[in-house]
Amino acid sequence: MNQQDDGQKPLMTELKEGLIEEGVRWIRWTTGGAVVGAGVLGGVGVAWFGWMGLAIGCGVGAVSGGLGAWLLYLWLNSLWE
């Protein structure tokens, strides 16, 4: 009852590996977007508002950049399926 035919992986093992791969991809996309967003909005903030603008711009940029990159990833992924 516990034998594997043709060397196939159990369904749960395959599901777990797929979820881990997908999670790693999400983290990479959101991290990249957060870094880019923080850099861009932080630079704009420091140029226009000084050091307080840098802090606020980096925070807002990290959140919006991460969210935007994640949504872009989901959209691009839906085109390929």
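Attention here is on the structure that accompanies the text. Fair warning: this is a prediction, and the values are worked out from it, not measured in the lab.

## A look at the overall build of the protein
Inference 1: The secondary structure content of the protein amounts to 2 helices and 0 strands.
Inference 2: Once the C-alpha set of the protein is aligned to its principal axes, its extents read approximately 70 × 25 × 10 Å.
Inference 3: Burial statistics for the protein: of 81 residues in total, 17% are counted as buried.
Inference 4: Nonlocal contacts in the protein, meaning residues at least 24 apart in sequence, comprise 60% of its contacts between residues at least 6 apart.
Inference 5: Carbon and sulfur atoms provide 70% of the accessible area of the protein, an area that totals close to 6,400 Å².
Inference 6: Taking the 4 positively charged and 7 negatively charged side chains of the protein as two groups, their mean positions are separated by 9 Å.

## Here we look at the packing of aromatic side chains
Inference 1: Under the definition given, this model contains 3 aromatic pairs.
Inference 2: Ring geometry for Trp29 and Tyr73: centres 5.4 Å apart, planes at 45°, overall tilted. Pair noted here: Trp29 is in helix 1 (residues 11-49) and Tyr73 is in helix 2 (residues 51-80), with a separation of 44 residues, a long-range link.
Inference 3: With 6.4 Å between their ring centres and 85° between their planes, Trp48 and Phe49 make a pair best called edge-to-face.
Inference 4: Residue class for Trp48 comes out exposed when judged on its relative accessible area of 67%.

## Description of helix 2
Inference 1: Taking 1.5 Å per residue, 30 residues should reach 44 Å; helix 2 reaches 43 Å between its end C-alpha atoms and fits that length.
Inference 2: Within helix 2 the residues assigned to the buried category are Gly53, Gly57, Gly61, Gly65, Gly66, Ala69, Tyr73 and Asn77.
Inference 3: Looking at the packing, one finds that the buried side of helix 2 touches helix 1.

## Quick look at helix 1
Three- or four-residue spacings in an α-helix give side chains the same orientation, since the helix completes a turn every 3.6 residues.
Inference 1: Taking 1.5 Å as the rise per residue, helix 1 with 39 residues should run 57 Å; its terminal C-alpha atoms sit 55 Å apart, in good agreement.
Inference 2: Packed against the buried residues of helix 1 are helix 2.
Inference 3: One or two residues past the end of helix 1 sits Gly50, with phi positive at roughly 85°.

Reading the values: the criteria
- Residues numbered from 1 in each chain as written.
- Predicted model: local features only at pLDDT ≥ 70, side-chain atom pairs only at ≥ 80, totals over all residues.
- Heavy atoms only, no water.
- Helix = DSSP H or I, 4+ residues; strand = E, 2+ residues; numbered from the N terminus.
- Buried < 20%, exposed > 50% of the residue type's maximum accessible area, 1.4 Å probe, protein only.
- Contact = heavy atoms within 4.5 Å.
- Areas by Shrake-Rupley, 256 points an atom, 1.4 Å probe, with all protein chains shown as cover.
- Lys, Arg positive; Asp, Glu negative; His and termini not counted.
- Charge placed at Lys NZ, Arg CZ, Asp CG, Glu CD.
- Phe/Tyr/Trp six-rings, centres within 6.5 Å; stacked < 30°, edge-to-face > 60°.
- Expected span 1.5 Å × (residues − 1).

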